[in-house]
Amino acid sequence: MLSDQEFNDWCRGVNLPQAARQLISEIRASEPIRRVKSSGINVRGDYASRKMGKTIQFESHKIELPGVEEYEEDADVLEYYDQAYQITLEFPSSSGEIIKASHIPDFFVIRKRSAGFEEWKPESRLEKLAAKQSQRYMCSEDGQWLNLPAVAYAEKVGLYYVTSQ
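As a starting point, this report considers the structure included with it. (Residues numbered from 1 in each chain as written. Predicted model: local features only at pLDDT ≥ 70, side-chain atom pairs only at ≥ 80, totals over all residues. Heavy atoms only, no water.)

### Topic: the packing of helix α1 (residues 4-13) against helix α2 (residues 18-29)
Working step 1: Look at α1 against α2: their axes get within 12 Å of each other, and the N-to-C directions meet at 155°. By the angle between their directions, the pair α1 and α2 is classed as roughly antiparallel. At the point where α1 passes α2, the crossing takes the right-handed sense. Residues Asp4, Phe7, Asn8, Trp10 and Cys11 of α1 form the contact with α2, whose own contacting residues are Arg21, Ile24, Ser25 and Arg28.
Working step 2: Across the contact of α1 with α2, the residue classes break down as 4 nonpolar, 2 polar and 3 charged. (Axes fitted to C-alpha atoms, helices over the stretch in contact; angles between N-to-C directions. Helix = DSSP H or I, 4+ residues; strand = E, 2+ residues; numbered from the N terminus. Parallel < 35°, antiparallel > 145°, perpendicular 65-115°, else oblique. Left-handed = near helix turned anticlockwise from the far one by under 90°. Contact = heavy atoms within 4.5 Å. Nonpolar A, V, L, I, M, F, W, Y, C, P; charged D, E, K, R; others polar.)

Encoded structure:
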């Protein structure tokens, strides 16, 4: 983990907007906002992170655990936090009404040159979500899955949002 001085230097180095800096500071100082749960379709667990010096939760041993292992070994990842922040998304329904939905991305990641939210879902789940909420989820021409309102939210404060499988 970064020291306070290293974090401040990183913020200056990437020219981080004040809104993003405040949000990241809040995330860094907080515990996860929810505990992950097991259900009939997933296996939850805890990963003892050397990089973070604490336990990181994951909600899927096939999707999220490999993501955690990737964060742990990736030199570009400086810090990562599980279930770190709740955002409110706004998007039109198929009938045109504005829907407000609370969303907790799986991880918040601080990288050497950027920071943002990362969601890990199996492609089959993303396909079902896109069929139900096409104004929220879509697959781009290059095969990347997008949560459009989440991308808009993150960009508004100077961060990124990606969906991985």
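Moving on from the model shown.
### Considerations on the sheet that holds strand β7 (residues 115-120)
Working step 1: The mixed open sheet is built from 4 strands, whose spatial order is β3-β6-β7-β10. Here the strands that pair on one side only, and so sit at the sheet edges, are β3 (77-82) and β10 (160-164). For this sheet the average axis-to-axis angle between neighbouring strands, irrespective of direction, equals 25°.
Working step 2: In this sheet, strand β6 (residues 107-111) lies alongside β3 in antiparallel orientation, the contact comprising 5 bridges. (Pairing = 2+ DSSP bridges.)

### Quick notes on the layout of surface pockets
Working step 1: Quantified by volume, the largest pocket comes out at close to 650 Å³.
Working step 2: Residue lining of the largest pocket: 25 residues in total, with Ile41, Asn42, Lys121, Pro122 and Arg125 positioned closest to the centre.
Working step 3: Looking at the lining of the largest pocket, the elements with two or more residues in it are β5 (98-103), β7 and α4 (123-132).
Working step 4: In terms of residue count, α4 provides more of the lining of the largest pocket than any other element does, 3 residues in total.
Working step 5: Looking at the lining of the largest pocket, its residues break down into 7 nonpolar, 7 polar and 11 charged. (1 Å grid on protein atoms, 1.4 Å probe; cavity = no way out; pocket = protein on both sides within 12 Å on 5 of 7 lines; lining within 4 Å. Points joined across faces, edges and corners; volume = space filled by probe spheres on them.)

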